[in-house]
Amino acid sequence: MIYTLTQPMSPSPGLHSAGVSPVVSPVVSPNVSPVTTVSPMSLTPGIMHLINYGDKDLGLLLSQRMELVWHGEFERLFAQYFPHGWQLIPTFNPPTDGWRIFKDSAKVRFSCQDCGHGWTSMKGRVIFWFNLNYGANSGLVMFKLYGQQCQRCKNGKYEHAMWYPEEVVKVLGNVYNRVGQIYYGFVRPPLRIDRRAGKPRNQHNAELCQACKDGLCREEWSFS
């Protein structure tokens, strides 16, 4: 089963109104630890049963279940950073300079809304921007899912990526570890670079990739 982000969202008015926090030393907490091994079984029962839906149910569930998968897993992980409250906000408009950034990739699927052509990509790109406001005891993670154009009709439109639940779990585990390294004293947390098994029929086409167009498709497998 796969899911997609269809509507842009913006942070609530007043959140981080004073701008991004200054650079400070990490808060070393004995109550949190890196994610070591993340598998689909780490999904809550309410999410696990969705993986077994057939393709015939895809259209109905795409928009209804995307929020459950992304936000459910995010809340499960980032609740460990209490008393800091973290929020996950999908966006089409990245924040301005001053935010931390983390890039990740996954196996995703696309479907052209004009001609119906479908294809799989091993380079589904997601970018996370995050910041912790110590004064407000709140953190914000914004993310953007990058699209691709249809190689058949080449209509110039970027189709939204549809994500597999286990790929969502993987990238959220990675950004959780990255946030933990920056703000909570994690030392060399693990980084998962595996992807769901698959053999795409065609090579990645940089001319049709939104992340390539923005110069953000290059792999960067490190917590630098």
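These notes cover the structure that comes with them. This structure is a prediction, so every number in the text was calculated from the model and none was measured.

1. Comments concerning the overall build of the protein
1) Next: Along the protein, the regular secondary structure elements total 4 helices and 8 strands.
2) Next: Secondary structure elements of the protein, listed N to C terminal, follow the sequence β-α-α-β-β-β-β-β-β-β-α-α.
3) Next: The burial tally for the protein puts 46% of its 224 residues in the buried class.
4) Next: The long-range fraction of contacts in the protein, counting pairs at least 24 apart against all pairs at least 6 apart in sequence, stands at 77%.

2. Quick word on the packing of aromatic side chains
1) Next: Here the structure, examined in full by the defined rule, presents 17 aromatic pairs.
2) Next: When the ring of F74 is compared with that of F78, the centres are 4.1 Å apart and the planes differ by 15 degrees; the resulting orientation is stacked. Linking F74 with F78, this pair stays in helix α2 (residues 58-78), spanning 4 residues, or about one helical turn.
3) Next: For F74, a relative accessible area of 2% corresponds to the buried category.
4) Next: Each ring, one from Y81 and one from Y176, has its centre 4.8 Å from the other, and the planes form 15 degrees; the classification is stacked. A residue pair is termed long-range when its members are at least 10 positions apart, and Y81 in the loop between α2 and β2 (85-90) and Y176 in helix α3 (residues 165-183) qualify at 95 residues. Both residues of the pair, Y81 and Y176, count as buried.
5) Next: An aromatic cluster is present here, built from F74, F78, Y81, W86, F130, Y134, Y176, Y183, Y184 and F186 joined pairwise through their rings.

3. Considering α3
1) Next: The end-to-end C-alpha separation of α3 is 27 Å, in line with the 27 Å expected for 19 residues at 1.5 Å each.
2) Next: Within α3, 18 of the 19 residues are buried, which leaves the element mostly enclosed by the surrounding structure.
3) Next: Phi turns positive one or two residues past the end of α3, at G185, with a value near 80 degrees.

Cut-offs and rules
Residues numbered from 1 in each chain as written. Predicted model: local features only at pLDDT ≥ 70, side-chain atom pairs only at ≥ 80, totals over all residues. Heavy atoms only, no water. Helix = DSSP H or I, 4+ residues; strand = E, 2+ residues; numbered from the N terminus. Buried < 20%, exposed > 50% of the residue type's maximum accessible area, 1.4 Å probe, protein only. Contact = heavy atoms within 4.5 Å. Phe/Tyr/Trp six-rings, centres within 6.5 Å; stacked < 30°, edge-to-face > 60°. Expected span 1.5 Å × (residues − 1).

In short, the description is geometric, and any link to function would need to be established separately.
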